[in-house]
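Descriptive analysis of the structure
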Amino acid sequence: MTNDKVLQVRNLSKVYGKGCSKCFELTGPEHNTNICPHCGSVVAAHDISFDLYKGEILGIMGESGSGKSTAVKNLFFDEIPSSGQAIFFDEGKQYDLFNLNAQQKRHLRNHRFGMVYQNPHLGLNFNVSAGGNIAERLLMSQLSNYQEIRERAIELLHRTEVLTERMDEMPKNFSGGMQQRVQIAKALATNPTLLFLDEVTTGLDLSVQAAILDLIMEIQRESETAMIAVTHDLGVIRLLAGRTIVMKYGRIIESGLTDQILEDPQDAYTQRLVASAL
Amino acid sequence: MFNQTFSADTQFRKASAEYNFGFLDEYAKKEVRRSVLKAIAIPGYQVPYSSREMPMGRGFGTGGLQLTLSLIGKKDTLKVIDQGSDDSVNAVNLRSFIEMTCPGIDTTTKVSEATLIQSRHRIPERELREDQILVLQVPYPDALVVVEPSEDKRKIMHGEADYSRLLVKLYEDIVKFNEITISHRYPTRINGHYVIDPSPIPRWDVPKLNNSKSLILLGAGREKKIYAVPPYTLAEPLEFDDIPFRVESFNDSTGKRRTCWRCGCDHSFLDEFIDAQTGDKRYQCSDSDYCDEQIKSQVNNQELEG
Ligand SMILES: Nc1ncnc2c1ncn2[C@@H]1O[C@H](COP(=O)(O)OP(=O)(O)O)[C@@H](O)[C@H]1O
Ligand SMILES: [Mg+2]
Ligand SMILES: [Zn+2]
Ligand SMILES: [Zn+2]
């Protein structure tokens, strides 16, 4: 099992603001806040530890503001953590994520990681076509044959069930669900080892949500890509995640097999979440 | 337009006696030269410098002018061209300004005689030599400006040689038009790293940057940047393996190469214009010195034969 480890996160913390020595003891679920009353800094995430294995989907659940996006943003280098360690295992190599130089980070981000954001404007370049968005990621990985890029883009869009006749259209002409599919195609372009999904179905129609979740499960079945799925939606967790982390006010309050958490939630907060979803 | 900004011409002529050789003070020249050295040491990298106020609007070639004024010495022979011509208003004005502020220098219209060539929009047809320097005037120095508005981000992209978004533009061009349509300012990678905007030269001139015998310096006055393509340096236009860079074609609809109506040349960059009397399209060498040279050598040949 350890050989299959893709990611090991230990004690990840992210504080917005200058921080003080009391930040951590005065925030968290038992204080019902993530804002330090002493210095006003936001403890967006603290003491986050977990492991992720090949082919697995790990769910991160919690209500809005609990620090879910912060956790993945730090791992995807969108933010710089305040402290902690994360090791990425890939093709026999280990990467100490928070101690890489800019070029190494860029390499992992462009080649070995993929990110799908809730807001397609963050993941797609709206000034270029759907195909161009995928081409961009392929061009980053030194592919320099136009025809090959074209074929690979068609293959990916086909894979994510976007009409390939529309590949030369601008993303703004696409529905929200289609934009997410293009984002997923772009993220998958380089066959990443690790895929981050941040509220990818939030805000979409229920039928569209279901189709996209199906697609994600299909990808999981076919590839060994490990995924972290961030959501506030219990339904998404139930469907996708084998294991789940529950966050509140920046801390992990519960973690384990998704089935167990849903059937027998230990933490009062999780109990309420589960009860309200029934 | 240029004449207007330059209208203080006679006043300036009087005052110019009080100026240093080359108009700029020695400190300013030294600073430009230091930037030039750095630009040569890091081929294609845009070196910032404190562009001075010149007695003409920025955008009239002040970047190239400051390079020329910082490099020129009394023994130099200067050629100034604009769009291939020595006689255009811009070229004439710049040349007379440099002559005025650099007493003792020689000027020429012949490429072969020049030691220093300042140009806008063209690189001479005749291959330059090791003992010549070409100064190109640049309006927009950064090839990435079309894909990234933030200069800070562009700097990082250059540092990391991250040009995927430029390549996407080429990709989109091919999707839309079946070819790369960029006609001027063709993004060109220097020495395997930095991609430059080679100033508004036509694609025709881009291959002349590659492995050039002469030093090529590019100066943007308004944007305060100097960059260089040093001699014998790789300069590669961005392209795809299967859709290579191409220069402009001057073939007519039957596939025959058009020729210059004046000198008959069939291998130069041609300007198209409409004959005022007949209304027909005419083609003429854009490089006027090259055109003259061809005519002269034809006359010589005829004399020899006759
Ligand atoms: N750039 C930022 N500056 C200050 N506070 C932030 C910033 N980004 C997020 N936060 C705060 O961090 C906390 C966690 O945010 P986030 O990780 O986005 O939550 P979630 O994704 O669980 O909804 C929130 O209180 C949020 O307001
Ligand atoms: Mg979020
Ligand atoms: Zn504090
Ligand atoms: Zn001619």
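Heads up: the structure comes first, above all this text.
Below, the structure is looked at part by part. Keep in mind the model is a prediction, meaning the values are calculated, not measured. (Residues numbered from 1 in each chain as written. Chains lettered and ligands numbered in written order. Predicted model: local features only at pLDDT ≥ 70, side-chain atom pairs only at ≥ 80, totals over all residues. Heavy atoms only, no water.)

1. Quick look at the overall build of chain B
Counting secondary structure elements, chain B contains 9 helices and 12 strands. A compact globule built from 306 residues would reach a C-alpha radius of gyration of about 19 Å, and chain B, at 20 Å, matches this within 12%. Counting the 306 residues in chain B, one finds 50% classified as buried. When contacts within chain B are restricted to residue pairs at least 6 apart in sequence, long-range pairs at least 24 apart make up 62% of them. Carbon and sulfur atoms make up 49% of the accessible area of chain B, which amounts to about 14,600 Å² in all. For chain B, the centre of its 40 positive side-chain charges and the centre of its 46 negative side-chain charges are spaced 4 Å apart. (Helix = DSSP H or I, 4+ residues; strand = E, 2+ residues; numbered from the N terminus. Rg over C-alpha atoms; globule rule 2.2 N^0.38 Å. Buried < 20%, exposed > 50% of the residue type's maximum accessible area, 1.4 Å probe, protein only. Contact = heavy atoms within 4.5 Å. Areas by Shrake-Rupley, 256 points an atom, 1.4 Å probe, with all protein chains shown as cover. Lys, Arg positive; Asp, Glu negative; His and termini not counted. Charge placed at Lys NZ, Arg CZ, Asp CG, Glu CD.)

2. Some points on the coordination of the zinc ion (ligand 3)
Residues and elements named next belong to chain A. The protein atoms donating to the zinc ion (ligand 3) are C20 (SG), C23 (SG), C36 (SG) and C39 (SG), with metal-donor distances spanning 2.3 to 2.4 Å. Around the zinc ion (ligand 3), the 4 donor atoms are arranged such that angles at the metal cover 99 to 117°; this shape is classified as tetrahedral. Donor residues for the zinc ion (ligand 3) sit on one chain with the sequence pattern C-x2-C-x12-C-x2-C. Highlighted residues: C23 in the loop between β1 (5-16) and β2 (42-53) and C36 in the loop between β1 and β2, separated in sequence by 13 residues. Given a relative accessible area of 2%, C23 falls into the buried group. (Donors = N, O, S within 2.8 Å, 3.2 Å for Na, K, Ca; no water. Tetrahedral: all angles 85-135°; square planar, octahedral: opposite > 155°, others 65-115°.)

3. As for the site of ligand 1
All names here are of chain A. In the neighbourhood of ligand 1, the contacting residues comprise Y16, N34, V42, A44, E63, S64, G65, S66, G67, K68, S69 and T70. Expressed as a share of its isolated accessible area of 560 Å², the protein-covered part of ligand 1 is 64%. At the level of secondary structure, the elements contributing two or more residues to the shell around ligand 1 comprise β2 and α1 (68-75). In terms of residue count, the dominant contributor to the shell around ligand 1 is α1 (3 residues). Its residues assigned to classes, the shell around ligand 1 comprises 3 nonpolar, 7 polar and 2 charged. (Near = heavy atom within 4 Å. Nonpolar A, V, L, I, M, F, W, Y, C, P; charged D, E, K, R; others polar.)

4. Section: the interface of chain B and chain A
Contact with chain B, which involves 14 residues of that partner, is made by 20 residues of chain A. Looking at the side of chain B facing chain A, the largest losses of area belong to E160, V168 and Y171 of chain B, adding up to 36% of the total buried there. Across the chain B-chain A interface, the total number found is 2 salt bridges. Among the ionic pairs, E160 of chain B bridges to R106 of chain A, the shortest N-O distance being 2.7 Å. Seen at the junction of chain B and chain A, the total is 6 residue pairs in polar contact (both at pLDDT 80 or more). Residues of the side of chain B that touches chain A, tallied by class, amount to 7 nonpolar, 1 polar and 6 charged. (Buried area = accessible area lost by both parts, 1.4 Å probe. Salt bridge = Lys/Arg side-chain N within 4 Å of Asp/Glu carboxyl O. Polar contact = N/O pair within 3.5 Å; in protein donor to acceptor, adjacent residues only side chain to side chain.)

5. Some points on the packing of aromatic side chains
Within this structure, the stated rule accounts for 15 aromatic pairs over all chains. Considering the side-chain rings of Y186 of chain B and F245 of chain B, the 4.8 Å spacing of their centres and the 75° angle between planes classify their relative orientation as edge-to-face. Of the two residues, Y186 of chain B is situated in the loop between α7 (164-177) and β6 (188-190) and F245 of chain B in the loop between β10 (235-237) and β11 (270-274); the sequence distance between them amounts to 59 residues. Like Y186 of chain B, the residue F245 of chain B is buried in the burial classification. Site record: aromatic cluster; members linked through ring pairs are F76, F77, F88, Y95, F113 and F196 of chain A. (Phe/Tyr/Trp six-rings, centres within 6.5 Å; stacked < 30°, edge-to-face > 60°.)

6. Concerning the environment of K186 of chain A
All names here are of chain A. Relative to the helices and strands, K186 resides in helix α6 (residues 176-188). A relative accessible area of 11% means that K186 is categorised as buried. For the pair K186 and L138, spaced 48 residues apart in sequence, the C-alpha to C-alpha distance is 8.8 Å.

7. A look at the sheet that holds β10 of chain B
Residues and elements named next belong to chain B. The 3 strands lie next to each other as β7-β6-β10, forming an open sheet whose pairing is antiparallel. Each edge of the open sheet is held by one strand with a lone partner, namely β7 (195-196) and β10. The pairing of β6 with β10 spans 3 bridges and is classified as antiparallel. Paired with T188 across the strands is P237, a residue of β10. (Pairing = 2+ DSSP bridges.)

8. Side note on the nonpolar core
By size, the foremost hydrophobic cluster in this structure holds 76 residues, and its most contacted members are I134, I184, L197, I216 and L240 of chain A together with F240 of chain B. When near neighbours in sequence (up to four residues on either side) are disregarded, I184 of chain A contacts V116, T160, I212, L215, I216 and I219 of chain A. Among the nonpolar cores identified, the runner-up in size contains 32 residues, and F88, Y95, F98 and Y117 of chain A belong to it. (Core = buried A, V, L, I, M, F, W, Y, C linked by side-chain atoms within 4.5 Å.)

9. Overview of the pattern of salt bridges
Residue and element names in this part refer to chain B. Taken as a whole and judged by the stated rule, the model has 34 salt bridges over all chains. Where D205 meets R122, a salt bridge forms, and the shortest distance between an N and an O atom there is 2.7 Å. Residue D205 is located in the loop between β7 and α8 (206-209), and its partner R122 is located in the loop between β4 (116-120) and β5 (133-137); the two are separated by 83 residues in the primary sequence. A relative accessible area of 0% means that D205 is categorised as buried. Between D197 and R185 there is a salt bridge, and its shortest N-O distance comes to 2.6 Å. Remark: R185 occurs in the loop between α7 and β6 and D197 occurs in the loop between β7 and α8; sequence separation between them is 12 residues. Here R185 falls in the partly exposed class, since its relative accessible area comes to 26%. One salt-bridge network, held together by shared partners, links R122, E125, D205 and K208.

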